[in-house]
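Letter by letter, the chains look like this.
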Amino acid sequence: MEIVGIKFKDTGKVYYFDPKGIKMQLGDKAIVETARGLECGEVALANKNVAEENIVQPLKKVVRKATDADINKVSENAQKEKDAFVQCEQKIEEHKLEMKLVDVEITFDNTKILFYFTADGRVDFRELVKDLAGLFRTRIELRQIGVRDEAKMIGGIGICGRPFCCTSYLNGFQPVSIKMAKEQGLSLNPVKISGVCGRLMCCLKYEQEAYLDLLRTTPKVNAIVNTAEGRGIVVDQNLLTGKLTVRLDKDPDAAPQVFKVSEVKVIKDGRIQVDKKEIDELRNLEES
């Protein structure tokens, strides 16, 4: 079956549509049918044949290639979104609501305006919706999002000095745990293992597989090993360089010595554990 892949945000998910015989090139703009009505998206995957079992039916259709008028309308909607953002913020202040407006989206056909916000708990925004509906004369939807979604929408620079992974190439969020940070030998200091969003860094997840592979062949901290200098206990490890710091039994008060993984033989391996106190103290970093 022939499909075309369309995305609606720079780093958003790519959705399959039925091109209905329309030939699309990478980067083309297209008007497509979605659950929210007509939307304008960008072609991320040109016409391609895919096995029907790999497609979730029913497949929505491509209506047409975007015309100059369509592209102008998208630009007009972008300006309307900026104006709606300011007006909504004013209404939030008037109602003294404990919520932070993050983004505004207007559907291509102007049949709905979506307001994305963050809040610490539940917010009674019924009166706000009434005011916004009267102001814009269209369907209004307020959608509460998490801090990770907020970071993805706003963007910024991470502690690594590069743009946020979530805004540059990640299509979605994966669960990240304190155990991953522990297995990667990171300090469980919230400042060092959390992103600007205040949650565990996404890179812990996509680097985890490489670290697990290294852990299979690297003695862990507290492992008992034999070295050329005698038996000792591993007090530190560097998974990336493959080096171990070992305190020798024959002279425990001396400075530990450094050995390559290939230079030691494991007698009894150590274990990586995250105790309950650590989990309780850092649990908020795992929350979405």
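Quantities reported herein were computed from a predicted structural model and do not represent experimental measurements.

This part covers the overall build of the protein. Along the backbone of the protein there are 8 helices and 13 strands. Whereas a compact globule of 288 residues would reach a radius of gyration of roughly 19 Å, the protein reaches 26 Å, over 25% beyond that. Principal-axis analysis of the C-alpha atoms places the extent of the protein at approximately 80 × 55 × 30 Å. Residues classed as buried in the protein amount to 34% of the 288 residues present. In the form shown here, the protein has an accessible surface area of approximately 17,400 Å², with 49% of it arising from carbon and sulfur atoms. Of the charged side chains in the protein, 46 are positive and 45 negative; the average position of the first set lies 3 Å away from that of the second.

Pairing in this open sheet of 5 strands is antiparallel, and the strands run β12-β11-β10-β9-β13 from one edge to the other. The open sheet has two free edges, formed respectively by β12 (257-260) and β13 (265-268), since each of these has just one partner strand. When the angles between neighbouring strand axes are averaged without regard to direction, this sheet yields 45°. With 4 bridges connecting them, strand β11 (residues 243-248) and β12 associate as antiparallel partners. The partner of threonine 245 across the bridge, within β12, is valine 258.

Taken as a whole and judged by the stated rule, the model has 17 salt bridges. With a closest N to O distance of 3.8 Å, lysine 179 and glutamate 183 form a salt bridge. Within this pair, lysine 179 and its partner glutamate 183 are both found in helix α5 (residues 178-183), separated by 4 residues, close to a single helical turn. Connected via shared salt-bridge partners are Lys9, Arg36, Glu39 and Glu105.

As a rule of thumb, nonpolar side chains are buried together in soluble globular proteins. Formed by 16 residues in total, the largest nonpolar core has its most connected members in Ile92, Met99, Phe115, Leu128, Leu132 and Leu142. When near neighbours in sequence (up to four residues on either side) are disregarded, phenylalanine 115 contacts Ala84, Cys88, Leu101, Asp103, Val104, Leu132, Phe136, Ile140, Glu141, Leu142 and Arg143. Judged by nonpolar contacts, the second largest core, of 12 residues, contains Ala181, Leu188, Ile193 and Leu282.

Within the fold, valine 225 resides in strand β9 (residues 224-227). Residues valine 225 and valine 274, 49 residues apart in the sequence, show an inter-C-alpha distance of 23 Å.

Further remarks concern helix α1 (residues 68-94). Here α1 is 27 residues long and its end C-alpha atoms lie 39 Å apart, about the 39 Å a rise of 1.5 Å per residue gives. All of the buried residues in α1 are Asp70, Asn77, Ala84, Cys88 and Ile92. Turning to α1, the residues buried within the fold contact β3 (29-34), β5 (62-65), β6 (100-106), β7 (112-118) and α2 (126-136). Phi turns positive, to about 55°, at lysine 96, one or two residues after α1.

Mean pLDDT over the protein stands at 90; residues scoring 70 or higher make up 99%. Mean pLDDT across the elements of the protein bottoms out in helix α8 (residues 276-286) (77) and peaks in β11 (96).

What follows deals with the sheet that holds strand β2 (residues 15-17). Read from one edge of the open sheet, 5 strands run β2-β1-β4-β3-β5, paired in antiparallel fashion. Both outer strands of the open sheet, β2 and β5, are each paired with one neighbouring strand and no more. Taking each pair of neighbouring strands and ignoring which way they run, the sheet shows an average axis angle of 45°. Here strand β1 (residues 2-7) runs beside strand β4 (residues 37-49); their pairing, made up of 5 bridges, is antiparallel. Each residue of the ladder has a partner; that of glycine 5, found in β4, is leucine 45.

Bringing the packing of α1 against α2 into the picture now. α2 packs onto α1 with a crossing angle of 145° between their chain directions and a minimal axis gap of 10 Å. Here the hand of the crossing between α1 and α2 comes out right-handed. Together, Ala84, Gln87, Cys88, Lys91 and Ile92 of α1 and Leu128, Asp131, Leu132, Leu135 and Phe136 of α2 make up the contact between the two elements. The residue makeup of the contact of α1 with α2, split by class, is 7 nonpolar, 1 polar and 2 charged.

Cut-off values and rules
Residues numbered from 1 in each chain as written. Predicted model: local features only at pLDDT ≥ 70, side-chain atom pairs only at ≥ 80, totals over all residues. Heavy atoms only, no water. Helix = DSSP H or I, 4+ residues; strand = E, 2+ residues; numbered from the N terminus. Rg over C-alpha atoms; globule rule 2.2 N^0.38 Å. Buried < 20%, exposed > 50% of the residue type's maximum accessible area, 1.4 Å probe, protein only. Areas by Shrake-Rupley, 256 points an atom, 1.4 Å probe, with all protein chains shown as cover. Lys, Arg positive; Asp, Glu negative; His and termini not counted. Charge placed at Lys NZ, Arg CZ, Asp CG, Glu CD. Pairing = 2+ DSSP bridges. Axes fitted to C-alpha atoms, helices over the stretch in contact; angles between N-to-C directions. Salt bridge = Lys/Arg side-chain N within 4 Å of Asp/Glu carboxyl O. Core = buried A, V, L, I, M, F, W, Y, C linked by side-chain atoms within 4.5 Å. Contact = heavy atoms within 4.5 Å. Expected span 1.5 Å × (residues − 1). pLDDT = per-residue confidence, 0-100. Left-handed = near helix turned anticlockwise from the far one by under 90°. Nonpolar A, V, L, I, M, F, W, Y, C, P; charged D, E, K, R; others polar.

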